[in-house]
Amino acid sequence: MRTFDIVIIGSGIAGGFLARQLRLACPDLGVLVLEAAEAMEDYKVGESTVEVAANYMVRRLNLGTYLYQHQLPKNGLRFFFDSPDKDLPLPRMSEIGSDHMPFHPSFQLERARLERDLVTMNRAAGAEVELGAKVVDVAIDGRGRHTVVYEQGGERREVACRWVCDASGRRHVLFRKLGVKVHKDTRLNTAAAWGRYRGVAGLDAVTDAAWRSRARYTSRHLSTNHFMYDGYWIWFIPLAGDLEGTANADPRPALMSVGVVFDKDRIGAGNAPTGTLPGPRTRAEFERFLGAHRAARELLEGAELEDFQSYAHLPYHAEQYFSADRYAVTGEAGAFTDPFYSPGSDFIATANEFITQMILSDVRGDRAGFEERVAAYDAYYRFKYDSTLRLYERMYPVFGSFELYRLKYLLDFNNYYNLVVWPFMADRVTDVGWIREELKFTDLVLRALSTMGEHFASLASDLRARGEYFAQNEGRFANGLNGVAQLETRLGPAIDERFRREQVDRAYGSVFAALVERRLGEQGLSDRARLVSELPLPQVLVFRDITPERLARLLQRIGERMTKELRDELPDAGIERIELGASGVISVTGPAEGTKAHADALSRAQALWDASAGSLAHIAL
């Protein structure tokens, strides 16, 4: 019986990346990859990557040159908003996106090609990769060596190994063999349908001069383009391989991945928005669904749907992902949340980092350190799943409103760069001490995500009732990168914890103040420094409801602090009280009206109240 250090089940990007990382980190490790497919030709979704996965591929896997030569650079995330009748032409739709390539790279992956190339690269690096090798049994021996049985070419083969890592995707090969339950998560009740279209001209083929200049002629085609609707979204993702063909055949147009993700509780249900189509489940329903949206219909004109797939339900999770008995799962073999924001490859990068460090610790014979890593990494991965799910849990009712989603994206994007990308780039994610500190804030983070989700969903309901949900969906543009510009020169190997905390408070304060202003109709409230400074994250969590009474108490507290400051600044003015009323009306009690003392105190109070917060909600516009 042949023996290996690690057997990896599956050679998709999760397993292929893990094999490459292990061989780069420790070339002496014996790695066997068992892939059930005879050839790596399957079309898979998950083409879009974001910054954590891109950093992992470039920095940890040394794939930068390959990605730029054989895949597509990605021009960030881009979002378009439509009318209630879904009839706006693309140039008139409100848009959130960049006017230049983001300052940290990401990529659009043609998965089948990448996975084929990974087989070649991993074999060249010394890993054994067996195609057409279907794993039929796994026996885990926590004290000795595991046994993996697979069938290949009609023969049954058996190997021994110290580690088993499952990267088999939704087949969950290891968990099925071990009897580990994978839980369907109904907190987010989403489904998806998708396919590849050949011959899509793409967004850059739109010739409207004003629309193209609005984004400074940057390539919208290279973005992950989201068309946003109440309860669902449609993606357009370009794939590498323009003008594919052979020497003896006419070149073929490139493929475009197009898909729909929808909330089953809102689409086709009794509480679905008026005019909403049922969520597509079949190929015919999918094409009909896309055809009901003018922008999508015009982009797909003349294109041919090459293939179609769907999932009836998206999110699921397990109770454990890494074991001290020396087995682990990565990618969709363990958990999946939702494809919005493209987190799937980020989960792969994080899991693979953890698995590599656990294996290296085990190989070094550091039993205590190994067990410590297993416990910390598993707890953090479970927290990562739960926090990501809560991020999405109440988002779908918000998607169709430019006004609402602009604020939601501002908060989410800032938190992603600050709280997720930065620690990954600084290699803190695998630091057990850092993880322990982060896990102390689990409850705070989860409450923050749930609380803000409830506020956004409540405001969405209010705006629908007022007939204002779609009010800003035409003709507007917000540069999504402006909200994270302050992080551009900071992200890197050195972590500034004080700056990170300040950015968390600034992001939550800016966005929450804007929500209060819109919910209560208090114009001019959201960029006042005095108010935003009173809304750090812990204070935001106190606001379970946004009501005039809660705002009045907040303004009273600000007034009391301004009173103390002005008494110190103007000790002879006889100031008794500064009050902030509705619509920003300020009153000064103490000095007689008409006197210079009253005028000076009122002028100074007004200046303090009018001082700009530099709110991210306003900068991003």
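It should be emphasised that the depicted structure is a prediction, and the values quoted were computed from it without experimental measurement.

Criteria and thresholds
Residues numbered from 1 in each chain as written. Predicted model: local features only at pLDDT ≥ 70, side-chain atom pairs only at ≥ 80, totals over all residues. Heavy atoms only, no water. Helix = DSSP H or I, 4+ residues; strand = E, 2+ residues; numbered from the N terminus. Rg over C-alpha atoms; globule rule 2.2 N^0.38 Å. Buried < 20%, exposed > 50% of the residue type's maximum accessible area, 1.4 Å probe, protein only. Contact = heavy atoms within 4.5 Å. Areas by Shrake-Rupley, 256 points an atom, 1.4 Å probe, with all protein chains shown as cover. Lys, Arg positive; Asp, Glu negative; His and termini not counted. Charge placed at Lys NZ, Arg CZ, Asp CG, Glu CD. Polar contact = N/O pair within 3.5 Å; in protein donor to acceptor, adjacent residues only side chain to side chain. Phe/Tyr/Trp six-rings, centres within 6.5 Å; stacked < 30°, edge-to-face > 60°. Lys NZ or Arg CZ within 6 Å of the ring centre and 35° of its normal. Disulfide = S-S within 2.5 Å. Arc of directions from axis to C-beta. Expected span 1.5 Å × (residues − 1). pLDDT = per-residue confidence, 0-100. Salt bridge = Lys/Arg side-chain N within 4 Å of Asp/Glu carboxyl O. Core = buried A, V, L, I, M, F, W, Y, C linked by side-chain atoms within 4.5 Å. Pairing = 2+ DSSP bridges. Axes fitted to C-alpha atoms, helices over the stretch in contact; angles between N-to-C directions. Parallel < 35°, antiparallel > 145°, perpendicular 65-115°, else oblique. Left-handed = near helix turned anticlockwise from the far one by under 90°.

## What to know about the overall build of the chain
Okay, so step 1: On a plain count of helices and strands, the chain comes out with 19 helices and 22 strands.
Okay, so step 2: For the chain, whose C-alpha radius of gyration is 27 Å, the value lies close to the compact-globule estimate of 25 Å for 621 residues.
Okay, so step 3: Across its three principal directions, the C-alpha atoms of the chain cover 100 × 60 × 45 Å.
Okay, so step 4: Across the 621 residues in the chain, those meeting the buried criterion constitute 57%.
Okay, so step 5: When contacts within the chain are restricted to residue pairs at least 6 apart in sequence, those whose partners lie at least 24 apart make up 75%.
Okay, so step 6: With an accessible surface of roughly 24,900 Å², the chain has 48% of that area assigned to carbon and sulfur atoms.
Okay, so step 7: Separation of charge centres in the chain, based on 77 positive and 85 negative side chains, amounts to 2 Å.

## Things to note about the environment of arginine 519
Okay, so step 1: Looking at the secondary structure, you find arginine 519 in helix 14 (residues 497–520).
Okay, so step 2: The class of arginine 519 is partly exposed, set by a relative accessible area of 22%.
Okay, so step 3: A polar side-chain atom of arginine 519 sits 2.4 Å from a polar atom in the side chain of aspartate 462.

## Section: the packing of aromatic side chains
Okay, so step 1: In the structure shown here, the tally under the stated rule is 40 aromatic pairs.
Okay, so step 2: Summarising the aromatic geometry, the rings of tyrosine 380 and phenylalanine 383 are spaced 6.1 Å apart at their centres and angled 65° between planes, so their arrangement reads as edge-to-face. Residue tyrosine 380 and its partner phenylalanine 383 are located together in helix 10 (residues 367–393), separated by three residues, close to a single helical turn. Each member of the pair, tyrosine 380 together with phenylalanine 383, is buried.
Okay, so step 3: If you follow arginine 220 out to its NZ or CZ, it ends over the ring of tryptophan 211, 3.6 Å from the centre.

## Quick notes on the side chain of glutamate 403
Okay, so step 1: Here glutamate 403 shows up in helix 11 (residues 402–425).
Okay, so step 2: Classification of glutamate 403 by relative accessible area gives buried; the value is 12%.
Okay, so step 3: At a separation of 2.2 Å, a polar atom in the side chain of glutamate 403 contacts the side chain of arginine 518.
Okay, so step 4: Ignoring any residue separated from it by four or fewer positions in sequence, one finds glutamate 403 in contact with Leu463, Glu468, Gln472 and Arg518.

## Focus on the state of the cysteines
Okay, so step 1: Counted according to the given criterion, the structure contains zero disulfides.
Okay, so step 2: Looking at cysteine 26, it has no disulfide partner, and the nearest cysteine sulfur is the one in cysteine 165, 14 Å off.
Okay, so step 3: Using a relative accessible area of 18% as the deciding quantity, one classes cysteine 26 as buried.
Okay, so step 4: Cysteine 165 takes part in no disulfide bond, and the closest cysteine sulfur, belonging to cysteine 161, lies 8.6 Å away.

## Concerning helix 7 (residues 283–291)
Okay, so step 1: Among the residues making up helix 7, those that are buried are Phe286, Phe289 and Leu290. What you see down the axis of helix 7 is that its buried residues fit within an arc of 95°, all on one side.
Okay, so step 2: Buried positions along helix 7 lie against strand 12 (190–198), strand 14 (232–238), strand 15 (255–263), helix 8 (294–299) and strand 16 (304–311).

## Describing helix 18 (residues 596–610)
Okay, so step 1: Across its 15 residues, helix 18 extends 21 Å between first and last C-alpha, which sits within 8% of the 21 Å expected from 1.5 Å per residue.
Okay, so step 2: For helix 18, the elements touching its buried residues are helix 15 (529–532), helix 17 (548–569), strand 21 (577–580) and strand 22 (586–589).

## Brief notes about the confidence of the model for the chain
Okay, so step 1: Looking at the chain as a whole, the pLDDT averages 94, with 96% of positions reaching at least 70.
Okay, so step 2: Counted against residues more than four places away or in other chains, residues 243–248, with its pLDDT under 50, gives 11 contacts.

## Concerning the environment of glutamate 298
Okay, so step 1: With respect to the helices and strands, the residue glutamate 298 is situated in helix 8.
Okay, so step 2: For glutamate 298, a relative accessible area of 39% corresponds to the partly exposed category.
Okay, so step 3: Once the C-alpha coordinates of glutamate 298 and arginine 2 are considered, the two residues, 296 residues apart in sequence, prove to be 57 Å apart.

## Considerations on the pattern of salt bridges
Okay, so step 1: Here the structure, examined in full by the defined rule, presents 49 salt bridges.
Okay, so step 2: Note that arginine 162 and aspartate 362 form a salt bridge whose closest N and O atoms lie 2.7 Å from each other. With arginine 162 in strand 10 (residues 155–166) and aspartate 362 in helix 9 (residues 344–363), this residue pair connects regions lying 200 residues apart in the sequence.
Okay, so step 3: Of the residues examined, arginine 162 reaches a relative accessible area of 29% and is grouped as partly exposed.
Okay, so step 4: By relative accessible area, aspartate 362 is classed as buried at 8%.
Okay, so step 5: Salt-bridge contacts for arginine 447 lead to aspartate 443; the nearest nitrogen and oxygen are separated by 3.1 Å. A residue pair is termed a helical-turn pair when its members lie 3 or 4 positions apart in one helix, as arginine 447 and aspartate 443 do in helix 13 (residues 442–466) at four residues.

## Some details on the environment of tyrosine 68
Okay, so step 1: Here tyrosine 68 shows up in helix 3 (residues 64–70).
Okay, so step 2: Tyrosine 68 sits 424 residues away from glycine 492 along the chain, and the two C-alpha atoms are 21 Å apart.
Okay, so step 3: Excluding residues that lie within four positions of it along the chain, tyrosine 68 makes contacts with Pro73, Pro105 and Phe107.

## Notes on the nonpolar core
Okay, so step 1: Membership of the largest hydrophobic core comes to 122 residues, with the highest contact counts inside it found for Ile8, Phe17, Phe79, Phe322, Phe340, Tyr341 and Tyr405.
Okay, so step 2: It is helix 10 that provides the largest number of residues to this core, a total of 11 residues.
Okay, so step 3: Once residues lying within four places of it in the same chain are set aside, the contact partners of tyrosine 405 are Phe79, Phe81, Ile96, Met228, Phe340, Tyr341, Met395, Val398 and Phe399.
Okay, so step 4: By size, the runner-up hydrophobic cluster in this structure holds 48 residues, among which are Met452, Tyr469, Val504 and Tyr508.

## Some details on the pairing of strand 9 (residues 146–152)
Okay, so step 1: A large share of strand 9 lies buried, amounting to five of its seven residues.
Okay, so step 2: Pairing geometry for strand 8 (residues 134–139) and strand 9, over five bridges, is antiparallel. If you follow valine 135 over to strand 9, its bridge partner there is tyrosine 150.
Okay, so step 3: Taken together, strand 8 and the strand that follows it, strand 9, pair antiparallel across an intervening segment of six residues.
Okay, so step 4: Where strand 9 and strand 10 come together, seven bridges link them in antiparallel fashion.

## Comments concerning the packing of helix 10 against helix 12 (residues 432–439)
Okay, so step 1: Contact geometry of helix 10 with helix 12 gives a least axis separation of 10 Å together with a crossing angle of 40°. Between helix 10 and helix 12, the crossing angle belongs to the class labelled oblique. Once helix 10 is placed against helix 12, the crossing between them reads as left-handed. Across the interface between the two elements, Glu372, Arg373, Ala376, Tyr377, Ala379, Tyr380 and Phe383 of helix 10 pack against Val432, Trp434, Ile435, Arg436, Glu438 and Leu439 of helix 12.

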